[in-house]
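Residues per chain are reported as follows:
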Amino acid sequence: MDTKSLVKLAKSLSDPTRLRLLQEIAKGDITVCADLFQYVPISQPSMSQHLKALCEAGLLESHKEGRNMCMSINAEKLKELEDFLQLLKPAVTPR
């Protein structure tokens, strides 16, 4: 993962509202954006901005189904983040 992508991803995760949205979407019960308002009571423009930031960071994927915008977690991006974090883990040396 390049530094620029990592910084964008970290910034997107630094907001409590975005973290809450990710948690709810990750549960798999919710894919339609309109359903997210019950968990995060914010205005529609604010919701759009938060979801846009998560999409631009690569954490979410979106597609339209009729009039609804649907969201899902980008498992590939999460794997990249997990791999990066594993690199930061200190090597354990036996004593």
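In short, a report on the structure.

Thresholds applied
- Residues numbered from 1 in each chain as written.
- Predicted model: local features only at pLDDT ≥ 70, side-chain atom pairs only at ≥ 80, totals over all residues.
- Heavy atoms only, no water.
- Core = buried A, V, L, I, M, F, W, Y, C linked by side-chain atoms within 4.5 Å.
- Buried < 20%, exposed > 50% of the residue type's maximum accessible area, 1.4 Å probe, protein only.
- Helix = DSSP H or I, 4+ residues; strand = E, 2+ residues; numbered from the N terminus.
- Arc of directions from axis to C-beta.
- Contact = heavy atoms within 4.5 Å.
- Polar contact = N/O pair within 3.5 Å; in protein donor to acceptor, adjacent residues only side chain to side chain.
- Axes fitted to C-alpha atoms, helices over the stretch in contact; angles between N-to-C directions.
- Parallel < 35°, antiparallel > 145°, perpendicular 65-115°, else oblique.
- Nonpolar A, V, L, I, M, F, W, Y, C, P; charged D, E, K, R; others polar.
- Pairing = 2+ DSSP bridges.
- Salt bridge = Lys/Arg side-chain N within 4 Å of Asp/Glu carboxyl O.

Section: the nonpolar core
Link 1 in the chain: Ranked by internal contacts, the top residues of the largest apolar core, which has 15 residues, are Leu21, Leu51 and Leu60.
Link 2 in the chain: When residues of this core are traced back to their parent elements, those giving at least two are helix H1 (3-13), helix H2 (16-26) and helix H3 (44-56).

Brief notes about H2
Since one α-helical turn is 3.6 residues long, residues separated by three or four positions face the same way.
Link 1 in the chain: Every buried residue belonging to H2 is among Arg18, Leu21, Leu22, Glu24 and Ile25, and all of these are buried. For H2, the arc enclosing every buried residue in end-on projection is 165°, short of the 170-degree limit, so these residues lie on one face. Turned more than 90 degrees from where H2 packs its buried face, Pro16 and Ala26 sit exposed.
Link 2 in the chain: Close packing links the buried residues of H2 with H1, H3, strand E1 (60-65) and strand E2 (68-73).
Link 3 in the chain: Its side-chain oxygen 2.8 Å from the backbone nitrogen of Thr17, Asp15 forms the N-cap of H2.
Link 4 in the chain: Phi turns positive, to about 85°, at Gly28, one or two residues after H2.

Considerations on the packing of H1 against helix H4 (residues 75-88)
Link 1 in the chain: Following both chains from N to C, one finds H1 and H4 inclined at 100°, their axes separated by 12 Å at the closest point. When the interaxial angle is binned, H1 and H4 end up roughly perpendicular. Seen from H1, the contacting residues are Ser5, Leu6, Leu9 and Leu13; seen from H4, they are Lys77, Leu81 and Phe84.
Link 2 in the chain: Each residue belonging to the contact of H1 with H4 can be placed in one class, and the counts come to five nonpolar, one polar and one charged.

Things to note about the side chain of Arg18
Link 1 in the chain: Along the polypeptide, Arg18 turns up in helix H2.
Link 2 in the chain: Setting aside anything within four residues of it in sequence, one finds Arg18 in contact with Lys11, Ser12, His50, Ala53 and Leu54.

Remarks on the pairing of E2
On any regular strand, side chains alternate: one points to one face of the sheet, the next to the other face.
Link 1 in the chain: Summarising the sheet, E1 and E2 pair through six bridges and their orientation is antiparallel. Bridging from a neighbouring strand, His63 pairs with Cys70 of E2.

Concerning the environment of Gln23
Link 1 in the chain: One can find Gln23 in helix H2.
Link 2 in the chain: Distance from Gln23 to Ile73, taken between C-alpha atoms, is 9.7 Å for residues 50 residues apart in sequence.

As for the pattern of salt bridges
Link 1 in the chain: Inspection of the entire model under this criterion finds five salt bridges.
Link 2 in the chain: Measuring nitrogen to oxygen at the nearest pair gives 3.2 Å for the salt bridge that ties Glu24 to Lys27.
Link 3 in the chain: The buried category is assigned to Glu24, whose relative accessible area is 2%.
Link 4 in the chain: Taking the shortest distance from any N to any O, the salt bridge between Lys79 and Asp83 comes out at 2.7 Å. Highlighted residues: Lys79 and Asp83, both in helix H4, separated by four residues, approximately one helical turn.
Link 5 in the chain: Take Asp83: its relative accessible area is 36%, and that puts it in the partly exposed class.
Link 6 in the chain: Counted as one network, the salt bridges with shared partners bring together Arg20, Glu24 and Lys27.

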